[in-house]
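Summary of structural features
These are the residues of each chain, in order.
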Amino acid sequence: MIDKYTKPLGKPDIYLCKPNKTRTTIANLPEAYKVKRTVSRGNINELEFTLPLFVQGDSIADRVKNKHLDILRERYIIRFEHGDEKEYYIVDKKSKVMDDSDYVVINCYGLGLQLNNHSVKDYSVVSYTLSQIARDLLKNTGWTLGYVDAQFDLKYRTFDHSGGILEGMNRIAEQFVALIVWDTANRTINFYDPDNYGVNKGFVTKMGKLMKSVQYELNLDEMCTRLKLFGKDGMSIQAVNPTGSNYIEDYSYFMYPFEQDAQGNVVKHSYYMEDDLCIALKRYRALIEEKSTTFNALLSQVNGLYATLGTKNNELSTFKNELIIIEDNLATYNATQKNDPPIPNTSFINQKNSKQAQISAKESEITSLKTQIANIELSINEFSKLLAIESNLTADQLEVLNTNFIFIKEFSDENFTKPEDLLEEGKKQFDKIREPKIITQLSIVNFYEIMTEQHNVGRLSCGDIVTIEHEELGINVKAHVSDIVFDYEASSIDITVSNAQDLLTDEERFLKDHMKSVGASNTLSTSALKWNQAKATTDEVSQLLNTTWNAVQRNINAGVNEDVEISRRGIIIKDPGDPLKMIIFQHSQLALTNDGGNTWQTAVTSEGIFAQRLVGKILLGNKLVISDDDGSFTIEGDLLTVRDATGKIRVQLGQYESGKYGLKIVSKKGNVVLDENGILQTDTIQLADNVDSTHPLKLKFYISPNVLRIDEVQLNFSAEAFRAYSKGAASTMINLNTTAYEKINLTTTKNGGGRRTTAEDSDANLEGTTLTDSYYTTGTGHNHGWASGLQFKDVNGVTRTWSSSGGHQHRVSLIPHSHEIVLPEHNHAIEMPEHSHRIEMPSHSHDIEYGIYEGAYASNIRIIIDGAQRGSQYYGTNNVDVTPWITTPGWHTIELTSNGLGRINASLYMRTFLGA
């Protein structure tokens, strides 16, 4: 191999740039010293350097003020270059210091700090992938989304955020358990799977080789030997754990290096435990492994019986509903027939007897299943008692274990609803914490400046795996780099590594990879498990692909610990223009990466092609299967089949049955929505009207004879107030008589007495003629009351004879006068006889007074279907399933009545399967 770097790299180059779109370079800063760069896994990098206040002028004796200090301002951009590395930082703070040599300290953060300038308020989404959320938050920030591990676009999360975009990015990484990798040169943010990020590029340091100092720490605080597992609503794993407990446990760390020979003799003792406790735990672990196969078989059997029991219960429920319909039909027949004596309906009676026999037979099946389940569960309980740790250790051993070696932690995740999925995830989490955490702090020389160490350039990156050896201290580990501090002034590199694993030999690695391969070969026979948090949800297909990729990555990582590009370990081809893209031929397989080997997402082996994304124009094959946690998509022959997450067929296209072609859609409940025979249809009728006891609301509807199946008929109605919309109307001429009125006597109020004088008349004489009475005794005239012929003497003694005077007139002359009238206190009585008045009203009209008038509410509502009352009496708002009473095609009528005046608003929903 010809090294790219033929001379030491030396100190980095630092440039000052304008904060514009192109980041225009305005100055080189060669005078910068005390340059220190901190690279942190998943975090924004930091850069610190110092600029002197004065620099050398044209001559050695001249000292002039550093002009760069006047143009370097906060928020300006710093470009950092060292070999192939190029990063951009933003100036955060300038600290001026005055001592023996005046200077200014410049503190910078990675360019990602710019995202702190942007914020979002009340961002809230449901069921979004990582890419969807990140793109939303990065809008109008100048930053874009780069690489995203495919698993994060298979998971959906609810996400809420208000605040800075930088904080939002960190919250995304936390919620999806992703690792952020910043690309400041291209202003992109990348999200990697933290378990797969980091490559063993062959960097080794040991005493006498690069290493200056090392500090090795074994941290037992994070250790766990017993992990309790909890899912949704407190669910745990007792039902699927052979020991019957809600935890899993492992004490192998404290048992190490205990060993027995074939005869059972102890040949190595534990550093912590007594031999008897190690023997008991080893025997206990062997017993669990021995009985687990039988336990799992029983568990599988009882789960199958429970599934069958659920099916049988559904069938029983269907039979009982059908019996209700038959009994209702029989009751309707008996209530409506008019024969005397009644004629029994033998058809309905036979249907009823047959259905009752089916119900009895189904109940017997269910009883038998329950008995089988009870017997198996009894056996499972016996296994749990046998495998309980209390049954396999003595009281003294349990006391020692509880006192010294049990470290309990809990894993809880509401996303898990099945105990078997929770147990599988719990095992993965337990692998991360069942051994002490190793933290190593290492200081090495800056090999970038050493000619003989140029082969190590590019082999040390944050997240990568390095090998640390120190024979005298007994340190021999490989570790993931979590932090690197480059001190270019002191020519040193400080490294912090954590989550270290013991370094495996080639033989051990082969055996481990071989065991992984065996696990991969069995994945098709296991159930799909949900990878929560850091892992994508998987199914049979994606689990196989992920295992294959991981195996490819292990082989590649084991084979690149070489200094040559072509060797017995393989052939590596890199893109000179983009070192992140590589192809490797190794172990009879070809693998490709586009991120420098952090992930190998495309692989070609003798078994096939494994890739997260396949791009092409034509796909040829005998069978195509695409599946994830939500279902599967299969094309085989002339049939396309789509299954849901439970494995039920939901869509078929092609020849779905012998002789039947077309599209078939099945509902969640198993009902056919569409096929060659017909289509599921829905219809809704809505009507509102005023009602009373004799005027019901009528819903009349028709079901076609082509309807093959009536799935559902729902009646919804509500009692409302009687309603009218006007208060006047036009009228014609009418004659009206008032009602007769009875005789009444009325007395006026009493009036006081007094004297009154009439007014005097100015005329003394009144001219006029009086008239005599119109009644005469004889002849004409009048006699003033004396009889005609009467003899009398006048004042002179002369005898006179009285005779009638005849008609005549008298002249009356009145002198001016007045009359005085005296009125005593008095009142008047009025007598009114019975009477009536006649009123004649001519033709006329009234203007309508518009408005809404409401009265009483409908009450005691009854449902009458095709003449028969159903249900009871209803009030308020109701939803009634009337499916049992609508079973035949043709016309049907539903009447809704009320005890009194009111209003009813009703809707009828029908779901039927209409034949083609």
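For the structure, check the block above.
Predicted, not measured: the structure shown is a model, and the values here were computed from it. The written sequence of each chain sets the order in which its residues are numbered from 1. Local features in this predicted model are restricted to residues of pLDDT 70 or higher, and side-chain atom pairs are both shown and tallied only at a pLDDT of 80 or more, whereas totals for entire chains, interfaces and linings draw on every residue. Where side-chain values are given, they derive from all heavy atoms of the structure, hydrogens and water being excluded.

**Section: the packing of aromatic side chains**
Any two rings among Phe, Tyr and Trp, with Trp reduced to its six-membered ring, count as a pair given centres within 6.5 Å; such a pair is stacked if its planes are under 30 degrees apart, edge-to-face if over 60, and tilted if neither. Here the structure, examined in full by the defined rule, presents 14 aromatic pairs. Look at W143 and W182: their rings are 5.7 Å apart centre to centre, the planes differ by 90°, and that puts the pair in the edge-to-face class. One end of the pair, W143, is in the loop between α2 (130–138) and β11 (144–148); the other, W182, is in strand β13 (residues 179–183), and 39 residues separate them in sequence. Between F254 and F407, the aromatic rings sit 5.8 Å apart at their centres with planes inclined by 10°, giving stacked as the arrangement. Residue F254 is found in helix α4 (residues 252–255), and its partner F407 is found in the loop between α7 (395–405) and β21 (408–412); the two are separated by 153 residues along the sequence. A residue is classified by how much of its surface remains accessible, and F254, at 3% relative accessible area, is buried. A relative accessible area of 28% places F407 in the partly exposed class. Placement of a positive charge over a ring is assigned whenever Lys NZ or Arg CZ falls within 6 Å of the ring centre and within 35 degrees of the normal to the ring plane. For K34, the ring lying beneath its charged end belongs to Y103, and the centroid distance is 5.7 Å. Its guanidinium or amino end placed over the ring of Y247, R226 lies 4.1 Å from that ring's centre, counting from NZ or CZ. Where helices and strands are cited, they refer to DSSP runs of H or I of at least four residues and of E of at least two residues respectively, numbered from the N terminus. Only protein chains enter the accessibility calculation, which uses a 1.4 Å probe; a residue whose area is less than 20% of its type maximum is buried, one above 50% is exposed, and one in between is partly exposed.

**Looking at unusual backbone geometry**
A cis geometry characterises the amide bond from Y256 onward to P257, with omega recorded as 0°. Along the chain, P257 falls in the loop between α4 and β19 (259–260). Positive phi, normally seen in glycine, also occurs at R23, with a value near 50°. Along the chain, R23 turns up in the loop between β1 (13–17) and β2 (25–28).

**Side note on the sheet that holds β11**
Think of a sheet as strands paired side by side through backbone hydrogen bonds, with each pair either parallel or antiparallel. Across the sheet, three strands lie side by side as β11-β14-β13; this open sheet has mixed pairing. Sheet topology places β11 and β13 at the edges, where each strand pairs with a single neighbour. Along the sheet, successive strands turn relative to each other by an average axial angle of 25°, direction set aside. Contacts are residue-level and defined by heavy atoms, with any inter-residue pair within 4.5 Å sufficient. Angular values range over 0 to 180 degrees, each being the angle between N-to-C directions of two axes fitted as lines to C-alpha atoms, with helices fitted over their stretch in contact. Across the face of the sheet, α2 comes into contact with β11 and β14 (188–192) while running at roughly 160° to β11. Any two strands with at least two DSSP-identified bridges between them are counted as paired.

**Quick notes on the sheet that holds strand β39 (residues 697–703)**
The antiparallel open sheet is built from four strands, whose spatial order is β39-β53-β50-β51. Edge positions in the sheet fall to β39 and β51 (868–874), since each of these pairs with one other strand and no more. For this sheet the average axis-to-axis angle between neighbouring strands, irrespective of direction, equals 15°. As paired elements, strand β50 (residues 861–865) and β51 share five bridges and run antiparallel to each other. Residue pairing for β51: I863 is matched across the bridge by R870.

**Quick word on a nonpolar patch on the surface**
Here a patch means residues that are over 30% exposed by relative accessible area and free of salt bridges, tied together within 9 Å if like-charged and within 5 Å if nonpolar (Val, Leu, Ile, Met, Phe, Trp, Tyr). Each accessible area is a Shrake-Rupley estimate made with a 1.4 Å probe; only the visible protein chains count as cover when residues are assessed. Salt-bridge detection follows one rule: a side-chain nitrogen of Lys or Arg within 4 Å of a carboxyl oxygen of Asp or Glu. A grouping of Y256, Y271 and Y272 is seen on the molecular surface, where their side chains present a nonpolar patch of about 410 Å² in accessible area. Mapping Y256 onto the fold places it in the loop between α4 and β19.

**Some details on α2**
Regarding α2, the residues found buried are L130, S131, I133, A134, L137 and L138. Buried residues of α2 fall within an arc of 165° about the axis and therefore sit on the same side. Tucked inside the fold, the buried residues of α2 contact β10 (119–128), β11, β12 (157–164), α3 (165–176) and β14. Directly after α2, the chain includes N140, whose backbone phi takes a positive value near 65°. Starting at the helix axis, one direction is taken to each C-beta atom, and the arc is that of these directions.

**With respect to the pattern of salt bridges**
In this structure the tally under the stated criterion is 20 salt bridges. Between R650 and D644 there is a salt bridge whose closest N-O contact spans 3.2 Å. Taking the relative accessible area as the measure of exposure, D644 reaches 16% and is therefore buried. One connected set of salt bridges, linked through shared partners, spans K312, E315, K362 and E365.

**Notes on the packing of α2 against α3**
Axis separation between α2 and α3 bottoms out at 10 Å; the angle between their running directions is 175°. Comparing their axes, α3 and α2 come out roughly antiparallel. Contacts between α2 and α3 pair L130, I133, A134, L137 and L138 from the former with I165, G168, M169, I172 and F176 from the latter. Gly is put with the polar residues, along with every residue not named as nonpolar or charged; the nonpolar set is Ala, Val, Leu, Ile, Met, Phe, Trp, Tyr, Cys and Pro, and the charged set is Asp, Glu, Lys and Arg. Across the contact of α2 with α3, the residue classes tally to nine nonpolar, one polar and no charged. Any angle that is under 35 degrees is reported as roughly parallel, and any over 145 degrees as roughly antiparallel; angles of 65 to 115 degrees are reported as roughly perpendicular and all others as oblique.

**Remarks on the packing of helix α5 (residues 275–336) against helix α6 (residues 346–387)**
Put simply, α5 and α6 touch, their axes get as near as 8 Å, and they point 160° apart. Taken together, the axes of α5 and α6 are roughly antiparallel relative to one another. Taken as a pair, α5 and α6 cross one another with a handedness that is left-handed. Residues of the contact of α5 with α6, tallied by class, amount to 27 nonpolar, 10 polar and 13 charged. Crossing handedness is defined as follows: a turn of the near helix away from the far one that is anticlockwise and smaller than a right angle gives a left-handed crossing, while the clockwise case is right-handed.

**Examining the nonpolar core**
The set of buried Ala, Val, Leu, Ile, Met, Phe, Trp, Tyr and Cys residues whose side-chain atoms join them within 4.5 Å is what this entry labels a nonpolar core. Within the largest apolar cluster, 31 residues are counted, with the highest numbers of intra-cluster contacts made by M169, I172 and F191. Among the secondary structure elements, those contributing two or more residues to this core are β8 (85–97), β10, α2, β11, α3, β13 and β14. At six residues, the largest contribution of residues to this core is made by α3. Among the nonpolar cores identified, the runner-up in size contains 30 residues, and F295, L309, F383 and L422 belong to it.

**Brief notes about the side chain of S270**
Within the secondary structure layout, S270 lies in the loop between β20 (266–268) and α5. A distance of 2.5 Å separates a polar side-chain atom of S270 from the backbone oxygen of F254. What qualifies as a polar contact is a pair of N or O atoms within 3.5 Å, subject to a donor-acceptor requirement within protein and to the restriction that residues adjacent in sequence count only when both atoms come from side chains. A polar contact of 3.0 Å, which involves the side chain of S270, links it to the backbone nitrogen of Y272.

Any functional reading would require information beyond the geometric quantities listed.
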